[in-house]
Amino acid sequence: MKLPGNELALKHRPDILVLMDIKARAAIERLSMRFDKKDGSIFENLDFVSRAGKRFKSAWLRRIFEKYGTEVLSFPAGTPLDETRHEAEVLLKKLLHI
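A brief structural summary. Throughout, residues of each chain are indexed from 1 in the direction in which the sequence is written. This being a predicted model, a pLDDT of at least 70 is required before a residue's local features are given, and a value of 80 or more before pairs of side-chain atoms are given or counted; all residues contribute to the totals for chains, interfaces and linings. To get the side-chain values, all heavy atoms of the structure are used, and hydrogens and water are removed first.

## Focus on the packing of aromatic side chains
Stacked, tilted and edge-to-face are the three classes assigned to paired rings of Phe, Tyr and Trp, where Trp is represented by its six-membered ring and a pair needs centres within 6.5 Å; plane angles under 30 degrees give stacked, over 60 edge-to-face, the rest tilted. Under the defined criterion, the tally for this structure stands at one aromatic pair. Between Phe 43 and Phe 48, the ring centres sit 5.4 Å apart and the planes meet at 80°, which makes this aromatic pair edge-to-face.

## Considering unusual backbone geometry
One non-glycine residue, His 97, adopts positive backbone phi at about 60°. Structurally, His 97 can be placed in the segment after helix H5 (81-96). Helix and strand definitions follow DSSP, with helices as H or I runs of at least four residues and strands as E runs of at least two, each counted in order from the N terminus.

## Here we look at the side chain of Thr 70
The residue Thr 70 is located in the loop between helix H4 (59-67) and strand S2 (71-76) in this model. Of the polar contacts made by the side chain of Thr 70, one reaches the backbone oxygen of Pro 14; its length is 2.5 Å. Residues are treated as being in contact if the distance between any of their heavy atoms lies within 4.5 Å. Filtering out sequence-adjacent residues up to four positions away, Thr 70 remains in contact with Arg 13, Pro 14, Asp 15, Ile 16, Leu 17 and Phe 65. Each polar contact in these results corresponds to two N or O atoms within 3.5 Å; when the atoms are within protein, one needs to be able to donate a hydrogen and the other to accept it, and residues that are neighboring in sequence are counted only if both atoms are side-chain atoms.

## Here's the deal with helix H3 (residues 46-57)
For an α-helix, 3.6 residues make a turn, and residues three or four places apart therefore share a direction. Expected span of a helix: the number of residues minus one, times 1.5 Å. In this model, H3 (12 residues) spans 16 Å end to end at C-alpha, consistent with the 16 Å of a helix rising 1.5 Å per residue. One side-chain oxygen of the residue at the start of H3 lies 3.0 Å from the amide nitrogen of Asp 47, identifying that residue as Asn 45.

## Side note on the pattern of salt bridges
The salt bridge definition used is simple: a Lys or Arg side-chain nitrogen within 4 Å of an Asp or Glu carboxyl oxygen. Evaluation of the coordinates by the stated rule reveals five salt bridges. Residue Asp 21 is joined to Lys 57 by a salt bridge in which the shortest nitrogen-to-oxygen separation is 3.2 Å. Residue Asp 21 is located in strand S1 (residues 16-21), and its partner Lys 57 is located in helix H3; the two are separated by 36 residues in the primary sequence. The buried label applies to any residue whose accessible area, calculated with a 1.4 Å probe on protein chains only, is under 20% of its type's maximum; exposed applies above 50%, and partly exposed to all values in between. With relative accessibility at 33%, the residue Asp 21 sits in the partly exposed group.

What follows is the structure in structure tokens.
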């Protein structure tokens, strides 16, 4: 947490943080369907995505952001892509009050 990027993120914390809840393997499968980007970045690595997912789902991370006044929401993204898109639009409209 003492890394400059982390300190900057908390200093300029978001009002709302929406965490996409999806199993690591499903996230990697969705990434593999992309044709426009295949560069082998760490974000396309199953082990990294799995470890990051556990961190983002942790109560520890939620408490940190909530301590700084961020509302933390979890969004189920493991559904079929069209359904996930629809639910994301519903959530966004709700958050924007439209």
